[in-house]
Structures are given as structure tokens and as C-alpha cells.
Amino acid sequence: MFKLRAFGILCLLIIGLSPTQGWAWSDTGHKITGYIAWTRMTPAVREAVVKIMREAPEDSHFSAYYMHYGPLPDEIKRRDYFMLATTWADLIRERSFDTRYKKYHHSNWHYSDTFWTRTEKGIEVLKAPEDGGLALERLKEYNALIRSPASDPAKAVAIAWIQHLIGDIHQPLHTSARVTDLEPKGDQGGNFFLLTPQGTPRAQQENLHWFWDSIIERNIPNKDNECDSEFVIPIAEKLMKAHPYEKVRGNLDPANFTGWIAESLKLAQVDVFSPDLIRFQKPSEKYKKKAFNVARERLTLAGYRLGDLFNSAFGGSPSR
């Protein structure tokens, strides 16, 4: 009875820690990627990574999340902590934690945009008129850092950002800034492309970026506020069954962050901004189905790639 009651309290605590507003893939999407990565990591690598994560600087609040898992078995506690950590880079957007926000939050680290437009001759890549984001630079930097003699606190922060940014760059609109007459400086990853009629009050507007970020939770809603182990893990298991590692391993292109971003950009140009997508209109059922399939494959690839990266950095062969 105590264990069941404690587990129920834990669920409420973790729900309370989750972001109240969805960002790339939403917290559910990032946790799916985290779980898939966890299944790829060897037991030794899992232990090493979590040990480092728990050495995170105190003002990051990153290590404190581990304590919310109370009396759960150690392996489950480490797994769920790892999954939750994929959302840390979004959790630190909360401005009420002033020190944490100012020290760790970086809004332009979450994307790596290519500016482009469509002409009669096809797609034309343009010179960036403004900041295109630093996701690629941070991934390269932190991938090198976790393989270096750097301190564990520095590596902990790097691990958290790597977890999150690999998820981010697999969302097509986190790599794309489409330029049109209406958006001469880019559409900010589809944020300016509205799916609701012109004149819709701002609070009721829906845009293309939101559509893709929230795609998992809209198609598979957590109606009963289930905990991660009850809600996220079954979804992740289905994605791995639909896209087995052995069938996609030839396309994983280990640690090629530039290549991964190029994949997402192509999807944005071809599948996201497909001819049947019309501004100020809801996407068709055909578009919704296609988008859901693309998103599930991208989340799965992100998880496999993240797990393999940590195996490479901290030693070990895949766990399954």
C-alpha cells in the first residue's frame, strides 16, 4: 500500500515539474526520445551518465529532480530521471527562477535554421538575414566536452543540452526559416504560418510550429494524467516496433549533426510545406496522417542516435 501511495504522489510531483506550455515535440516527445535512447544504452553507460547528471551545478536544479522518485527501484528511478532530464532545457525557461533562467536559458540554442524560399526553379537557400540559431554549434561543442577531461558538473549540463537538442533538431521546423513576401525575414520555423482564419483572436490562434510540436499529445492524449512509465513508455515501445533499430541502423549516420539537420530541413521543405498546406486553414486529414507518421519516425531516430552517441562517449555496446 505504501509503495502504491508513494507512486501516486510521485506522479503528481512529476506532472508538476512538466512544462505548462509545449515546445519542440512537447515534453512527451522529448521523453519518448529519452526512453528510446535509454534502451540503446548499456547498463554501464546508463550508470555512468546518471552519475554525472547528479553532479550538475546546484543552481541548475538539474540534479534535484532525482530526489522526486522516492522509493522506486534504482533502475526505474534512473530511467525516469533520464527521461525527465530531456525536458530540462525547456523547464529552465521559467522566469520565476531568476538565477537559473539567466545562467542557463538560451532561447536561440533550440534551433538551427536555414533560410530558404521556393521559386519557379525550385528551392533556393538564402543568406540568413538574422540569427539562425546555435543548436548545431552547441551540439558539436558539448559532444566534444563530454569526451574530454572536463569536470562532471560541466558534463552534466552538456548531457542535458545534448539530450534536448538532438530531439529539437529532429523536429523539421527547428531547422527551417521559410522566406515569403509575408515573412521577408523568415517565418520563425512556421510560427508565423497561421492555421486559423484571418482575424482569429491571438489567444485562439494556431500556427504550424505548434501543430508539429504538439503532434504526439494531440494524437495520443494523456487523458488520465498517467505517469511517464504508464503513458510515455508504451508509446515509445510501439515506435521502436514500427521502426526497429536493425532496419534503420544504416541511416543513423552517427554524430553527424549537420546531416541530421539536413534531413529535417528537407522534410520541412517537402513534407511540412507540401502543396496541400494552405495558410489560414486547418490541415487536411491526409496531411495530418502524413505529419504524424513523419513525427513518429523522427522521434525514433532521435532516440536511437542519442543512445548510440552516449554509448560511444562513455563506452559500451548497445543494450539490446
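Just so you know, these numbers come straight off a predicted model, no measurement behind them.

Once that is clear, we can look at the nonpolar core. In terms of nonpolar packing, the biggest core is built from 48 residues, with M53, W88, W161, I162, I166 and F310 touching the most fellow members. Top contributing element to this core by residue count: helix 8 (residues 152-169), with 10 residues. Those residues in contact with F310, other than ones at most four positions away along the chain, are M41, V45, V49, F82, I146, I159, I162, Q163 and G315. Core analysis: the second largest hydrophobic core is formed by 38 residues, L195, W212, F231 and L252 among them.

For side chains bearing opposite charge, pairing can occur when the charged atoms are close. Per the counting criterion, the structure on display carries 16 salt bridges. The salt bridge partner of D98 is K102, with a shortest N-O separation of 3.2 Å. Of the two residues, D98 and K102 both sit in helix 6 (residues 98-104), 4 residues apart, roughly one turn of that helix. The class of D98 is partly exposed, set by a relative accessible area of 38%. You can call K102 exposed: its relative accessible area is 61%. Close ionic contact of R279 with E183 constitutes a salt bridge, the shortest N to O distance being 2.7 Å. A residue pair is termed long-range when its members are at least 10 positions apart, and R279 in the loop between helix 13 (257-272) and helix 14 (285-314) and E183 in the loop between strand 3 (176-178) and helix 9 (208-213) qualify at 96 residues. Its relative accessible area of 4% is what places E183 among the buried residues. Three or more residues joined by partner-sharing salt bridges are found here, namely D27, K31 and D228.

Relative orientation of the contacting elements helix 7 (residues 135-145) and helix 13 amounts to 150°, with a least axis distance of 10 Å. As far as their axial angle goes, helix 13 and helix 7 are roughly antiparallel. Helix 13 is crossed by helix 7, and the crossing has right-handed handedness. Facing helix 7, whose interface residues are L136, L139, K140 and N143, helix 13 presents F257, T258 and I261. When grouped by side-chain class, the residues that make up the contact of helix 7 with helix 13 number 4 nonpolar, 2 polar and 1 charged.

Attention shifts here to helix 14. The end-to-end C-alpha distance of helix 14, which contains 30 residues, comes to 44 Å, matching closely the 44 Å that a straight helix rising 1.5 Å per residue would cover. After helix 14 finishes, the residue G315 shows a positive phi value of roughly 85°.

Basis of the calculations
- Residues numbered from 1 in each chain as written.
- Predicted model: local features only at pLDDT ≥ 70, side-chain atom pairs only at ≥ 80, totals over all residues.
- Heavy atoms only, no water.
- Core = buried A, V, L, I, M, F, W, Y, C linked by side-chain atoms within 4.5 Å.
- Buried < 20%, exposed > 50% of the residue type's maximum accessible area, 1.4 Å probe, protein only.
- Helix = DSSP H or I, 4+ residues; strand = E, 2+ residues; numbered from the N terminus.
- Contact = heavy atoms within 4.5 Å.
- Salt bridge = Lys/Arg side-chain N within 4 Å of Asp/Glu carboxyl O.
- Axes fitted to C-alpha atoms, helices over the stretch in contact; angles between N-to-C directions.
- Parallel < 35°, antiparallel > 145°, perpendicular 65-115°, else oblique.
- Left-handed = near helix turned anticlockwise from the far one by under 90°.
- Nonpolar A, V, L, I, M, F, W, Y, C, P; charged D, E, K, R; others polar.
- Expected span 1.5 Å × (residues − 1).

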